[in-house]
Amino acid sequence: MKIISYSIAVILMITLMSGCIEEFGGVGEPFNRTEQVSGTWKLNVVQQVDELAVERNWPYQRLNLTNLFPYQDLTMTLNLDDSGNPSGFSVNQGNAPAIIPFEAGQWAFDDQEFPGAIIFSSGDQSTTLEFESLNELNVNRLVLKLARYQTDAQGKKKAFVSYNYEFVKQLN
Amino acid sequence: MKKYILTVISFLVVGFTYAQNCGSATFRTEPATFTAEDQVTLFVDVSGCPVLAAKPDLYLWIFVPGGPGPDGVGGNGDFCNGSNPNLKMTPTDNANEYSYTFTPVALFDATPAEIGTSIGFIPKAFAACKEAGDQTSDLFLSVEPLVFVEKVNRSFPNKFTADDVVTLYFHQPLTEDEGMKSLTDVYVYTAINGTDADGNDLGWVERAPWDQVVNTPELKMNHEGNGVYSLHLVPKDFYPVNPGDKITRIFYKFRSADGNSAIPGGFDNFQAEVLNLE
């Protein structure tokens, strides 16, 4: 009797598990972040953060800059080479303040497998913009953060100001 | 009119002072940033100041703008007749470089709140005022504040570079000046100093001369409501500087359109450091 009960339980479990797989599908292919990041992006929202005020819990920590300067003029195109790898980029700044100190160059991830930032470079200059959230790429939004750092009295590197840039993908 | 004349005279004095003093001393601190409670070493290089470089000893004249002098070591001494020996600087291994180590709360015998966010200093000969170039112009160090104090002026963010968006705020309810209290149109007179690509002093670089402020729409502040006025700028784009110039400090003064009303006093408490990152 016991053997029959166990057998029924095992059969039920297998049936339920296979049901789950059929219903929800597998984990599927990983997102191709390079492909998701490539394309033309329009700057939509800019937030400035006073990191010193945040650290010290002072008032006046954030300022929305979007409408204070013509940031929404700015578009950025990230290209891929023939093999689908990151290659050149260009920024059409319009009248917006610069967010990258050069208008064209090369782009790359800091880590191709687990990207945490995009590195923009031109000659011996480079600027790193960190990903605020990779998930936003799935809905055609690119959210990057630029932070400026200084070393404090204890020798620690600390951000004193940062910017959050939210881009929207320009779909053809 | 009287205020206008006084203001013009004060700018002329600033220009005259630049002409008489050596403005080419360069300086740094270790650590680069510090609070009033941290020990800090100030390094001054007077290679660009031949008169000071030729002196056997260099002395520090140090003060908190609008606040105490170095009471913790017995004061600065007499500027023209002899500095306090406790403020003698130490030569380093580098030619024409001198250092002085201090902790602000101890040196000034003052609290962090009394010291605030700025320390002024002048590297000088023991007894200055004897010849042109035996002292520098006023130089300033930024002190990291430990507490937030609401004031009539504020810059956002607290620290910035010439590439950052900077917002200057005027909190009208906090002003004690009767003329400024009732203004509805507020303007800013502003200037910077710094060095060019060769390290030469840029002097006093105005966004617009005092008498042209009202004709410069970019200098009119926005009223955000509740008596808070703001002006947004990116230093490297806002001031007439050349590529390669380094802006080291912003000075500003809130005023009326005609200039008859203005925040009284000089720029001691109306200035902000511009960081130049390596």
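Residues numbered from 1 in each chain as written. Chains lettered and ligands numbered in written order. Predicted model: local features only at pLDDT ≥ 70, side-chain atom pairs only at ≥ 80, totals over all residues. Heavy atoms only, no water.

## Regarding the layout of surface pockets
Rolled over the atoms, a probe with the dimensions of a water molecule shows which regions are left empty.
Item 1. Reported here for the second largest pocket is a volume of approximately 1,100 Å³.
Item 2. If you list the elements that add at least two residues to the lining of the second largest pocket, you get strand S7 (125-133), strand S8 (141-151) and strand S9 (157-169) of chain A together with helix H6 (235-238) and strand S16 (246-255) of chain B.
Item 3. Broken down by element, the residue count for the lining of the second largest pocket peaks at five residues, all from S7 of chain A.
Item 4. Of the residues belonging to the lining of the second largest pocket, the class tally is 20 nonpolar, eight polar and nine charged. (1 Å grid on protein atoms, 1.4 Å probe; cavity = no way out; pocket = protein on both sides within 12 Å on 5 of 7 lines; lining within 4 Å. Points joined across faces, edges and corners; volume = space filled by probe spheres on them. Helix = DSSP H or I, 4+ residues; strand = E, 2+ residues; numbered from the N terminus. Nonpolar A, V, L, I, M, F, W, Y, C, P; charged D, E, K, R; others polar.)

## Structural notes on the confidence of the model for chain B
Item 1. Confidence in the prediction for chain B averages 90 pLDDT; 92% of positions are at 70 or higher.
Item 2. Model confidence for the complex: the whole-complex pTM is 0.74, and ipTM, which rates the interface, is 0.81. (pLDDT = per-residue confidence, 0-100.)

## Let's talk about the nonpolar core
Item 1. Formed by 38 residues in total, the largest nonpolar core has its most connected members in Tyr71, Met76, Leu78, Ile100, Ile118, Phe120 and Phe167 of chain A.
Item 2. Residue assignment for this core shows that the elements contributing at least two residues are strand S1 (39-49), strand S3 (75-80), strand S4 (86-92), strand S5 (104-109), strand S6 (117-122), S7, S8 and S9 of chain A.
Item 3. Looking at which element gives the most residues to this core, the answer is S9 of chain A, with five residues.
Item 4. The next biggest cluster of nonpolar side chains, apart from the first, holds 37 residues, and it includes Met180, Tyr189, Leu219 and Val241 of chain B. (Core = buried A, V, L, I, M, F, W, Y, C linked by side-chain atoms within 4.5 Å. Buried < 20%, exposed > 50% of the residue type's maximum accessible area, 1.4 Å probe, protein only.)

## Points about the interface of chain A and chain B
Item 1. Contact with chain A, which involves 26 residues of that partner, is made by 27 residues of chain B.
Item 2. Summed over the three residues of chain A that lose the most area to chain B, namely Trp58, Tyr60 and Gln150 of chain A, the buried surface amounts to 27% of that side.
Item 3. There are two salt bridges connecting chain A and chain B.
Item 4. A salt bridge links Arg56 of chain A to Glu144 of chain B; the shortest N-O distance between them is 2.8 Å.
Item 5. Counting across the interface, chain A meets chain B through 10 residue pairs in polar contact (both at pLDDT 80 or more).
Item 6. Elements with a contribution of two residues or more to the side of chain A that touches chain B: helix H3 (51-55), strand S2 (62-64), S8 and S9 of chain A.
Item 7. The greatest single-element share of the side of chain A that touches chain B, amounting to four residues, is contributed by S8 of chain A.
Item 8. Broken down by class, the residue content of the side of chain A that touches chain B amounts to 16 nonpolar, five polar and five charged. (Contact = heavy atoms within 4.5 Å. Buried area = accessible area lost by both parts, 1.4 Å probe. Salt bridge = Lys/Arg side-chain N within 4 Å of Asp/Glu carboxyl O. Polar contact = N/O pair within 3.5 Å; in protein donor to acceptor, adjacent residues only side chain to side chain.)

## A word on the domain arrangement of chain B
All names here are of chain B.
Item 1. Under the domain assignment, chain B is made up of domain 1 (20-142) and domain 2 (153-275).
Item 2. Relative placement of domain 1 and domain 2: their C-alpha centres are 27 Å apart.
Item 3. At the interface, seven residues of domain 1 touch seven residues of domain 2.
Item 4. For the pair domain 1 and domain 2, the summed buried area comes to about 630 Å², and 41% of that belongs to carbon and sulfur atoms.
Item 5. Connecting domain 1 to domain 2 are one residue pair in polar contact (both at pLDDT 80 or more). (Domains from an automatic or database assignment.)

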